[in-house]
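# An overview of the molecular structure
Given next are the chains, with one letter for each unit.
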Protein chains: 2
Amino acid sequence: MKPFHLFVLAALVAFGCNGPLVGNPQPAVESIDFAIAIHGGAGTIDRDMDPDLERAYREALEDALRFGYGLLEQDSTSLDVVEQVVRRLEDDELFNAGKGAVFTHEGTNELDAAIMDGATRGCGAVTGVTTVKNPISLARTVMEASPHVFFTGSGAEAFAERMGLERVDPEYFFTQRRWDSLQKILKREEGTVSETGKHGTVGCVALDRSGHLAAATSTGGLTNKRFGRVGDVPVIGAGTYADDATAAISCTGHGEQFIRNTVASRVSAMMEYKGLTLDEAARVVISKVLGPGDGGLIAVGRDGAIALEFNTEGMYRGAADSSGRFEVAIWE
Amino acid sequence: MKPFHLFVLAALVAFGCNGPLVGNPQPAVESIDFAIAIHGGAGTIDRDMDPDLERAYREALEDALRFGYGLLEQDSTSLDVVEQVVRRLEDDELFNAGKGAVFTHEGTNELDAAIMDGATRGCGAVTGVTTVKNPISLARTVMEASPHVFFTGSGAEAFAERMGLERVDPEYFFTQRRWDSLQKILKREEGTVSETGKHGTVGCVALDRSGHLAAATSTGGLTNKRFGRVGDVPVIGAGTYADDATAAISCTGHGEQFIRNTVASRVSAMMEYKGLTLDEAARVVISKVLGPGDGGLIAVGRDGAIALEFNTEGMYRGAADSSGRFEVAIWE
């Protein structure tokens, strides 16, 4: 090999290992000014679902997606958008977050939420909240009004009180449907923590016109959960992650699997350190790192690319961007 | 360029991006059968420390290190070793974990711990524990005796009760030195959560003769902490991570910085996806991803390499391996 060839070789090896040459070439996503994706949980979603219920889910997803899209169109920051969209999903009792949260073993509702700002990697998370109407807004307040990231239980409640967040009587979180689910499980088998394969969570990720990414996730956890069990939602890097250099990710599924595999930050790390595209990283994590039935994720990349990946029968989800894409789906 | 050259080029580019060619060549660590590292916190450690206190710290580190080394030599699993060594550090009131835990704003002691098994990526974590003598053992029990990963507050206590862990009166965690620290802060300035730059935590990472890695971390958190504040310790991927494919990592420092930068799992990701050595990955994360004064980490790689990195004035630490290395240090 001539010296010049060696030089080219060395340069390509060196450059290829850190630069954009790595990964399979993908068609470039062009002229996406802003983008948004949402989810309302993944799992074994019955294809014979009552048509009225299916319509209600689709309408709720469309409504939340259109709302977020509208905010982005009007130049809202991605951080505002993910918070506002998740608030809307928390207020809708169809989803297992906020108003529609499932019940713990003790018949209470304990809520978790996390938010992350891709511009600063600032983040906020709360767990075990029982009287805050919108846990996602409490998570944002932790991020912005405290030097900390993660507040738990009665401490998080005390912080909510001090910061003037909207509180509700715990009774507010009662819904007949979720109560019946708990009773069914309690009757069927002691120790079962959830209906098999049903993972409820809501989440939103967004890219705004300024190129900033944000992610937000909120949940009521598992029906019949005990011992102050916490899943992946408030664990930054597991269920929620955002970095302007890579992507914003929000997950839903078997929380423990998402924690031990650091799913959300792994997608980002595969992009940053292995040079994968968002689509490639999301697919590898969902299909190779996780096991079948574990759950799914939504993500938006710095270029506006959107990933909606899951290895369950379905995932309530929606995606829209400034190029005109607007879609809502439940099954494949 | 001839076709053969192109072939070599393509092969090297392809291989170089995923394989061992990436990163600066390092002298290979050879014939390390087992290895262990420990830490007892990082921060602004006064170089004019009372000589008796300094001697006590060195002796405690040496004792814990020798104990762990002995267990590894007798074929204990890395998981047993990290748990047992951290128990010993928790029982020593010199360190901010277990017996020596600092006080919250309310004058209570709330303990956090996490453990992770590199062979399975199984993990367990607890936060806000007040009556469990050794939180690290509770974390391991969560990992092994529940389908979950993360238990909080009174729920974690109830689980400890059910599983028969050793309980103590909260009074057990009273130490005059930590109480005085709280009083000093309360007097000085309301709202200050810790003595500047002092980050107390204990941790242990180990590689056993079977090639399995494990990590364990335990802490009392920040003096004067409020609102159920949780740092990086029980956040898997932030303060604690282990994967037999890469390394076992335990961190100590400004917890919020370790959470938002997913420090422990980032070290692993840089090794797995960028091909860095443990030493390179640890250095990049501590010196480039984190800021000066944020803290430090200990790590052991699958080949027995040990990293002890920090960007603070000091870190209580120790390292030993089967090749005869045995060292304890506080400052650089």
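Conventions used here
Residues numbered from 1 in each chain as written. Chains lettered and ligands numbered in written order. Predicted model: local features only at pLDDT ≥ 70, side-chain atom pairs only at ≥ 80, totals over all residues. Heavy atoms only, no water. Helix = DSSP H or I, 4+ residues; strand = E, 2+ residues; numbered from the N terminus. Buried < 20%, exposed > 50% of the residue type's maximum accessible area, 1.4 Å probe, protein only. Contact = heavy atoms within 4.5 Å. Areas by Shrake-Rupley, 256 points an atom, 1.4 Å probe, with all protein chains shown as cover. Expected span 1.5 Å × (residues − 1). Salt bridge = Lys/Arg side-chain N within 4 Å of Asp/Glu carboxyl O. Patch = residues over 30% accessible without salt bridge, like charges linked within 9 Å, V, L, I, M, F, W, Y side chains within 5 Å. Lys, Arg positive; Asp, Glu negative; His and termini not counted. Charge placed at Lys NZ, Arg CZ, Asp CG, Glu CD. Core = buried A, V, L, I, M, F, W, Y, C linked by side-chain atoms within 4.5 Å. Phe/Tyr/Trp six-rings, centres within 6.5 Å; stacked < 30°, edge-to-face > 60°. Lys NZ or Arg CZ within 6 Å of the ring centre and 35° of its normal. Pairing = 2+ DSSP bridges. Axes fitted to C-alpha atoms, helices over the stretch in contact; angles between N-to-C directions.

### Here's the deal with the overall build of chain A
Assigned secondary structure in chain A consists of nine helices and 14 strands. Taken over 332 residues, chain A has a buried fraction of 63%. Of all intrachain contacts in chain A linking residues separated by at least 6 positions in sequence, the fraction that spans at least 24 positions is 69%. In the form shown here, chain A has an accessible surface area of approximately 12,400 Å², with 50% of it arising from carbon and sulfur atoms.

### Structural notes on helix α8 (residues 263-274) of chain B
All names here are of chain B. Taking 1.5 Å of rise per residue, the 12 residues of α8 would be expected to cover 16 Å, and the 15 Å separating its terminal C-alpha atoms lies within 8% of that figure. The buried fraction of α8 is high, at 10 of 12 residues. Those residues of α8 not exposed but buried are V263, A264, S265, R266, V267, S268, A269, M270, M271 and Y273. Positive phi shows up at G275, right after α8, with a value of about 75°.

### Quick look at the pattern of salt bridges
Residues and elements named next belong to chain A. Under the definition given, this model contains 34 salt bridges over all chains. A salt bridge links D63 to R88; its shortest N-O distance comes to 3.1 Å. Taken together, the positions of D63 in helix α2 (residues 51-73) and R88 in helix α3 (residues 78-91) put the pair 25 residues apart, joining distant regions of the chain. Looking at D63, the relative accessible area reads 35%, which means it is partly exposed. The partly exposed category is assigned to R88, whose relative accessible area is 33%. Across the salt bridge formed by R140 and E144, the nearest N and O atoms sit 3.0 Å from each other.

### Comments concerning the environment of F159 of chain A
Residue position: F159 of chain A is located in helix α5 (residues 153-163). On the accessibility criterion, F159 of chain A (3% relative accessible area) is buried. Taking the C-alpha atoms as reference points, F159 of chain A and V142 of chain A, 17 residues apart in sequence, are found 8.3 Å from one another. With sequence-adjacent residues up to four places away left out, F159 of chain A is seen in contact with L138, T141, V142, A145, S146 and F151 of chain A together with F227 of chain B.

### Considerations on a negative patch on the surface
Taken together, the side chains of D46, D48, E313 and E332 of chain A define an acidic patch exposed on the protein surface. Its place among the elements puts D48 of chain A in the loop between β1 (35-43) and α2.

### Description of the nonpolar core
Membership of the largest hydrophobic core comes to 102 residues, with the highest contact counts inside it found for L297 of chain A together with L297 of chain B. If near-sequence neighbours (up to four positions away) are discounted, L297 of chain A is found in contact with I249, S250, C251, V263, V267, A282, I286, A307, L308, E309 and M315 of chain A. If you look at the next biggest cluster of nonpolar residues, it comprises 52 residues, including L61, C204 and V328 of chain A together with F227 of chain B.

### A look at the packing of aromatic side chains
Applying the stated criterion across every chain, the model contains 23 aromatic pairs over all chains. For the pair F103 of chain A and F174 of chain A, a centre-to-centre distance of 5.8 Å together with 65° between the ring planes defines the contact as edge-to-face. Taken together, the positions of F103 of chain A in the loop between α3 and β2 (111-117) and F174 of chain A in the loop between α5 and α6 (176-188) put the pair 71 residues apart, joining distant regions of the chain. For F103 of chain A, a relative accessible area of 2% gives the class buried. In this structure F174 of chain A comes out as partly exposed when scored by relative accessible area, which is 31%. Ring centres of Y172 of chain B and F173 of chain B lie 5.0 Å apart, and the angle between their planes is 75°; this geometry places the pair in the edge-to-face category. According to the relative accessible area criterion, Y172 of chain B is partly exposed, its value standing at 23%. Among the aromatic residues, ring-to-ring pairing joins Y57, F95 and Y316 of chain A into one connected group. Positioned above the aromatic ring of F67 of chain A is the side chain of R88 of chain A, whose terminal nitrogen or guanidinium carbon lies 3.8 Å from the ring centre. A cation over an aromatic ring shows up here: K99 of chain B above the ring of Y172 of chain B, its NZ or CZ 4.9 Å from the ring centre.

### A closer look at the pairing of strand β1 (residues 35-43) of chain B
Residues and elements named next belong to chain B. Taken across its nine residues, β1 has nine buried, putting it largely inside the fold. Bridge count between β1 and strand β6 (residues 202-207): five bridges; the pairing is antiparallel. The partner of A37 across the bridge, within β6, is V205.

### A look at the sheet that holds strand β12 (residues 306-310) of chain A
Residue and element names in this part refer to chain A. Spatially, four strands are ordered β9-β10-β11-β12 in an open sheet, and the strand pairing comes out antiparallel. Each edge of the open sheet carries a strand with a single partner, namely β9 (240-242) and β12. The mean angle between the axes of side-by-side strands here comes to 10°, regardless of whether they run parallel or antiparallel. Across three bridges, the pairing between β9 and strand β10 (residues 247-253) is antiparallel. If you follow A242 over to β10, its bridge partner there is A248. In the packing of helix α8 (residues 263-274) onto the sheet, contacts are made with β9, β10 and β11 (295-301), and the angle to β10 comes to roughly 145°.

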